[in-house]
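# Structural characterization, general
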10 protein chains.
Amino acid sequence: MPVTTKAEAAAAVRAARVRAGLTWAQIAEQLGAPLVWTTAALLGQHPVTAEQAGLVGKLLDLDEAVVTALQDQPYRGSDPALVSDPTIYRFHEALSVYGPALKELIHEEFGDGIMSAINFKVDIARRADPDGDRVVVTFDGKFLDYRW
Amino acid sequence: MPVTTKAEAAAAVRAARVRAGLTWAQIAEQLGAPLVWTTAALLGQHPVTAEQAGLVGKLLDLDEAVVTALQDQPYRGSDPALVSDPTIYRFHEALSVYGPALKELIHEEFGDGIMSAINFKVDIARRADPDGDRVVVTFDGKFLDYRW
Amino acid sequence: MPVTTKAEAAAAVRAARVRAGLTWAQIAEQLGAPLVWTTAALLGQHPVTAEQAGLVGKLLDLDEAVVTALQDQPYRGSDPALVSDPTIYRFHEALSVYGPALKELIHEEFGDGIMSAINFKVDIARRADPDGDRVVVTFDGKFLDYRW
Amino acid sequence: MPVTTKAEAAAAVRAARVRAGLTWAQIAEQLGAPLVWTTAALLGQHPVTAEQAGLVGKLLDLDEAVVTALQDQPYRGSDPALVSDPTIYRFHEALSVYGPALKELIHEEFGDGIMSAINFKVDIARRADPDGDRVVVTFDGKFLDYRW
Amino acid sequence: MPVTTKAEAAAAVRAARVRAGLTWAQIAEQLGAPLVWTTAALLGQHPVTAEQAGLVGKLLDLDEAVVTALQDQPYRGSDPALVSDPTIYRFHEALSVYGPALKELIHEEFGDGIMSAINFKVDIARRADPDGDRVVVTFDGKFLDYRW
Amino acid sequence: MPVTTKAEAAAAVRAARVRAGLTWAQIAEQLGAPLVWTTAALLGQHPVTAEQAGLVGKLLDLDEAVVTALQDQPYRGSDPALVSDPTIYRFHEALSVYGPALKELIHEEFGDGIMSAINFKVDIARRADPDGDRVVVTFDGKFLDYRW
Amino acid sequence: MPVTTKAEAAAAVRAARVRAGLTWAQIAEQLGAPLVWTTAALLGQHPVTAEQAGLVGKLLDLDEAVVTALQDQPYRGSDPALVSDPTIYRFHEALSVYGPALKELIHEEFGDGIMSAINFKVDIARRADPDGDRVVVTFDGKFLDYRW
Amino acid sequence: MPVTTKAEAAAAVRAARVRAGLTWAQIAEQLGAPLVWTTAALLGQHPVTAEQAGLVGKLLDLDEAVVTALQDQPYRGSDPALVSDPTIYRFHEALSVYGPALKELIHEEFGDGIMSAINFKVDIARRADPDGDRVVVTFDGKFLDYRW
Amino acid sequence: MPVTTKAEAAAAVRAARVRAGLTWAQIAEQLGAPLVWTTAALLGQHPVTAEQAGLVGKLLDLDEAVVTALQDQPYRGSDPALVSDPTIYRFHEALSVYGPALKELIHEEFGDGIMSAINFKVDIARRADPDGDRVVVTFDGKFLDYRW
Amino acid sequence: MPVTTKAEAAAAVRAARVRAGLTWAQIAEQLGAPLVWTTAALLGQHPVTAEQAGLVGKLLDLDEAVVTALQDQPYRGSDPALVSDPTIYRFHEALSVYGPALKELIHEEFGDGIMSAINFKVDIARRADPDGDRVVVTFDGKFLDYRW
């Protein structure tokens, strides 16, 4: 009995979402969950509850094996090859340029520690601008100080 | 006549800032420039004007060669080895987990294109929270659509 | 229901084009789209509209799954292993040799910024030359200045 | 007697050019050589003649060791780390997206072979555009067919 | 006759364990074997005896081919790609930060040598803490001195 | 004025400690700080207070530049090349073998989350054993659950 | 309709050649083509004409899909993993040892330029020697001078 | 007493050769040694005898430390970064394209074994050709069969 | 007709050997071939004769396709991923620690040259020792001197 | 006070040994230590006692800083770049070819475990052979069984 992986489930979800003519925002609203969280979870980065998986399964007409895979505990992290996609690469470039500055400023404002990536949320929004609308992405994580 | 590199200038700035007892925020205020931009620029990621370089040179008592180097056009991007620093790594981890979701949502909201990393700004702030204060980092870039 | 990937669709298109005895130029003309854009899109680097996909499907007698895949939003970028193909490698070699010079000259002519690879087009032409005809490839992208 | 490397000579040229307040275009004009060729050569990618080296040495007030190094036969190619500079990266991204299409079209137009990167020239120009001026880079290399 | 690999067997065990509603601790108890050892072994890092394999096969209703694969001598070590999973990464980060210190202290306390990873056991426990419970992982390996 | 890096300071501390005939345990006791923390900090992985740096400077007869460097905010993480040292490698091998099992068991016991490497401490001890004494290393980090 | 790749075709050719009891030399003779060219082409490195492909198909009793694949335009270059094969590795070792010397001598004899790998042929021969016969491989490529 | 490395000696030889206005062929003739061997040896790939080193030292007016270094037993192999030099790269490209064919043909002609890279010599020559003169490089190594 | 690879044949041999309850030593004895050679050959590192392949096929009840694959000329070398297996890693660690010393001593005893890995054999034995039995592995290769 | 590294000490020892006209065997005999151990230790892979370091310092007329460095606890392992030296590479090639076979045979003879690389010794010898003398290298390490 072959096991459906979370990557296979993610591919199935992506194809089914287009077929169903639903947006990620509509799916998130149905689940009553945040937009980026929902999208990431259905792409395999978070486990979803049985109830959520069932709901998505109905919305997108997914196989039972996919519904099961969505509930599995994931190995998180995306394929490094995806970094070359231009839409994703720009975020990496921004980190390459501004990462050390962010580090200096976290230490200046908070002391020796980090922004948690676990107690953490992300949001994305459109901001209208006469020179062309802007993508605004917010990382919001709890500060954790080095504590022995 | 050996040339002072931007990396050497950045190291000199970091050491001089501590000796001078100044925060990055105070330096940015003196320059009248945004906080993250100023920090990144003095760490070598943006050229600064002759006037700005001179001002920083006085504030931090820098050598003339460092003041010159700050004005040089940079090769941007930080040493990949810095990714292993935990404060910087958490940003990369967040991208590894949420990058594909951000890509899906940019395409859903804006169409086929990217968030510019050139017409772009970053900000960082503290958000008070009873469970522990939070680091909030905002990426704000113009949407660019694929246009032939 | 297995999903046809864009890579599989590209392989199908390449084989079908040969079988159909059509040139890329003929296909581009049928689509009324630029030559390099059309070729890149059918190799999986741009989504095509439903109308374009249907037209190509008829021209090349493609499966419906391939026609669907051609419309999917791509993860852009080609397999790094293809760099070793001599026809592709020469472009990379040219960038390795002339990249820093192009950077200096972009900054000299335009200031601190980049040539966009999004608001961007490529063309290829044959230029007759008594010493042997020449391949002429033109990169044409909007200048974007670093703007905070 | 330490040997001045071409990388050290390039750094010296870059610094001296700024000090002298000369553009690359002015230097190229003085040498009577193409713009991109001149810039690349002084950055260490081509040997220059003794006469050219002497002329540049006077224009930029360079040490004799630098003038000698400019004439050395180079090991060509730039540091792969420079690829992360955004101005250079966009060219690599364009190749990643359009490389396979260019290969298809070279074979369609010319047959099995390559664009030479040796019998080859590059040019860069500004093209005015109401939506923002454009960087136009032209690669022009002799077609070489696979010939046994 | 295709051979079931240990990786395939591990995937089958993970899926079957969830279906069976058993914890790793319950399985380990059934086998009468240590918890971390049992989990690692069923994930393919240790061979198990025919008796143990049969017992697990019954508990989890596994195919005979899986039961056979669990007894195979493994090639040990996990896919380096798993390092990017945040739960696993934190251990690597801890080694990156504290590895050289542990080396210094092993040499100080024991002399020139190593902690064996063969004559070795690992344990994991929960430690209650008013600030939030803690994960306590213990590595316990025989000291081996460099002996010629 | 060249800046003393934390790596140079670490090398100076290692050499001075041997010359001074002091153990890491004696230094830690003098600082009133935990043993592994002290060792890691003096090897450059944590900033130490001015008072602690001064105390170490006297104990080990260090240059003022080294005393200053010990207080700098570090870029944490050790050179990946050190992984090939056998004493350090065995820890990496243990993670390669037992990492996925630890992940499974953290999720089983605590739910979806991680062991913090920031709110975290390490200890090392000798455990007498008739078959040869054992190195016991304890990782103790706060559990952090994925919390949006 | 799955597409037969050139790698699959190469594997089919290798197996069929052994089954047919033919040498590469016999096949090359049948094709009236040079020995190394023929072998490389049938291993997927050059397209062959429809006529040649048909001839080989008959000689080796190949499937039609293989015959078609042999005519496809290849992505040239072999899997880097093959470098570890000792028979292939010795050539790489020779280049690692003698490459810079060959570069110096090409420049000394011909000026600034390269040996073409496109207008190029290779031959292999046995040379009898009382100390043991020798493998003699000749690379023969047109000199191309750097010409702007 | 700093040790002159073979890489430093090679750089000194290259610079001195140009200053002295001697060709590699003239130096080889003076040493009575083969051309490629001599060039490779003086670039650090073979030890030379004390007599040969002294002779070269006089011809090129080298420091005694360089003369000593030329006699040292080398670690052979060149910096992998040199592969990107176009003159050297073409040899690597040829191996990437023709390596597997050469392997097939060595096995066909000689049986299971290799061309030695130790009992081995290389030669380079110019071959006049009306279409442009050609670089001819010959690898000539003893066949070694796998023999247990 | 899919081709059975040597890797697939090796997996089949490993599984069949366990099923057949035979040791490698028993198989080697049946073949009348050395122990390490036999094991390596059946794992795909040496071609075996038709007679040997047939004999093994009968002993282990192998498919005809496997018997054929065992006779194929191999691409030698194992998957680099196997280096992380602890049993194999210790050999690599020993080379990392003792490799340069072995090089010095080969040159001291034999002159400039190498131990052949082609005219070469390996043996493995158990040596009883009151402190615990020892694995003794012997590499025995013909010395080859650098000879032009 | 710059610290002499073990790599610098090794370079000093290598140069001094040649100047002193001593073999490694003579040095080992003076130290009363095994040949390979002595060579490896003086190349930086083992700490030597103060007495041994002093003795070597006198034999080779070494600086005091080198004598001190020889006693330092090393980070073991050699630069991976040295693998390309042919004399060292052949050992790696042998492991690549015979490593999996050695693993199978260790498990067959000893059970699940490893050959220790810590409780371990290496020897090298010349074995006369009419077909050319042979290098015989023996790895001899204690078997360690996986024991929980």
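Summarised in this report is the structure supplied together with it. (Residues numbered from 1 in each chain as written. Chains lettered and ligands numbered in written order. Predicted model: local features only at pLDDT ≥ 70, side-chain atom pairs only at ≥ 80, totals over all residues. Heavy atoms only, no water.)

## So, the overall build of chain A
The cut-off we apply is this: Helix and strand assignments come from DSSP, with helices taken as H or I runs of at least 4 residues and strands as E runs of at least 2, each series counted from the N terminus. Partly exposed residues are those whose accessible area sits between 20% and 50% of the maximum for their type, while under 20% is buried and over 50% is exposed, using a 1.4 Å probe and protein chains only. Lys and Arg are tallied as positive, Asp and Glu as negative. Neither His nor the chain termini are counted. Every charge is mapped onto a representative atom, which is NZ of Lys, CZ of Arg, CG of Asp or CD of Glu.
Regarding its fold elements, chain A presents 6 helices and 2 strands. In chain A, the succession of helices and strands from N to C terminus is α-α-α-α-α-α-β-β. Split into buried and exposed, the 148 residues of chain A put 56% on the buried side. For chain A, the centre of its 14 positive side-chain charges and the centre of its 20 negative side-chain charges are spaced 2 Å apart.

## So, the sheet that holds strand β2 (residues 134-145) of chain G
How we decide: Between any two strands, at least two bridges found by DSSP are needed for them to pair. Lines fitted to C-alpha atoms define the axes here, with helix axes fitted over just the stretch in contact, and angles between the N-to-C directions of these axes take values from 0 to 180 degrees. Contacts are residue-level and defined by heavy atoms, with any inter-residue pair within 4.5 Å sufficient.
Taken together, 4 strands build an open sheet; the order of strands is β1(G)-β2(G)-β2(H)-β1(H) and the sheet is antiparallel. The strands lining the two open edges of the sheet, one partner per strand, are β1 (113-127) of chain G together with β1 (113-127) of chain H. In this sheet, adjacent strand axes meet at a mean angle of 20° when their direction is disregarded. Alignment of β1(H) against strand β2 (residues 134-145) of chain H, held across 11 bridges, turns out to be antiparallel. Looking at the pairing, Lys121(H) lines up with Asp140(H) of β2(H). Sitting on the sheet, helix α6 (residues 86-110) of chain H touches β1 and β2 of chain G together with β1 and β2 of chain H, and the angle it makes with β1(G) is about 20°.

## Side note on the environment of Leu42(A)
Residue and element names in this part refer to chain A. By the secondary structure assignment, Leu-42 is in helix α3 (residues 35-42). On the accessibility criterion, Leu-42 (1% relative accessible area) is buried. Residues Leu-42 and His-107, 65 residues apart in the sequence, show an inter-C-alpha distance of 35 Å. Among residues more than four places away in sequence, those in contact with Leu-42 are Ala-10, Val-13, Trp-24, Ile-27, Val-48, Val-56 and Leu-70.

## Section: the arrangement of the chains
Kept free of each other, chain C and chain E leave a smallest C-alpha distance of 18 Å between them. As for chain G relative to chain E, no contact occurs, and the smallest C-alpha gap between them is 18 Å.

## Structural notes on the interface of chain B and chain A
By convention, interface size is frequently given as the accessible area that disappears when the constituent parts associate. Convention followed: By definition here, a salt bridge exists when the distance from a side-chain nitrogen of Lys or Arg to a carboxyl oxygen of Asp or Glu is within 4 Å. Counted as a polar contact is a pair of N or O atoms within 3.5 Å, where, for protein atoms, one must be capable of donating a hydrogen and the other of accepting one, and residues adjacent in sequence contribute only when both atoms are in side chains.
Tallying the contact residues gives 68 residues for chain B and 68 residues for chain A. Taken together, the links from chain B to chain A amount to 14 salt bridges. Between Arg126(A) and Glu109(B) there is a salt bridge, and its shortest N-O distance comes to 2.7 Å. Here chain B and chain A share 32 residue pairs in polar contact (both at pLDDT 80 or more) between them.

## Description of the packing of aromatic side chains
Put simply, the test is: Note on ring pairs: Phe, Tyr and Trp rings are taken, using the six-membered ring of Trp, and paired if centres are within 6.5 Å. Classes follow the plane angle, with under 30 degrees stacked, over 60 edge-to-face and the rest tilted.
Applying the stated rule across the entire model yields 60 aromatic pairs over all chains. Aromatic pair Phe120(D) and Phe139(D): ring centres 5.6 Å apart, planes at 75°, arrangement edge-to-face. Pair noted here: Phe120(D) is in strand β1 (residues 113-127) and Phe139(D) is in strand β2 (residues 134-145), with a separation of 19 residues, a long-range link. Measuring from ring centre to ring centre gives 5.6 Å for Trp148(D) and Tyr98(H), while their planes differ by 65°; the resulting arrangement is edge-to-face. On the criterion of chain membership, the pair formed by Trp148(D) in the segment after β2 and Tyr98(H) in helix α6 is interchain, its members lying in two chains. The exposure class of Trp148(D) is partly exposed, given its relative accessible area of 30%. A relative accessible area of 2% means that Tyr98(H) is categorised as buried. Members of the aromatic cluster, joined through ring pairs, are Phe91(A), Tyr98(A), Phe120(A), Phe139(A), Phe91(B), Tyr98(B), Phe120(B), Phe139(B), Trp148(C) and Trp148(F).

## Describing the relation of the copies chain B and chain A
For clarity, the cut-off: To line up the copies, we fit them by least squares on C-alpha atoms, keeping just the residues with pLDDT of at least 70 in both.
The operation relating chain B to chain A is a screw motion whose rotation component is 180°, with 0.0 Å of axial translation and a residual RMSD of 0.0 Å. Here the symmetry operator amounts to a two-fold rotation axis. No C-alpha of chain B approaches the rotation axis more nearly than that of Thr138(B), which lies at 2.2 Å. A share of 100% of interface residues in chain B that are also interface residues in chain A marks the association as one of identical surfaces.

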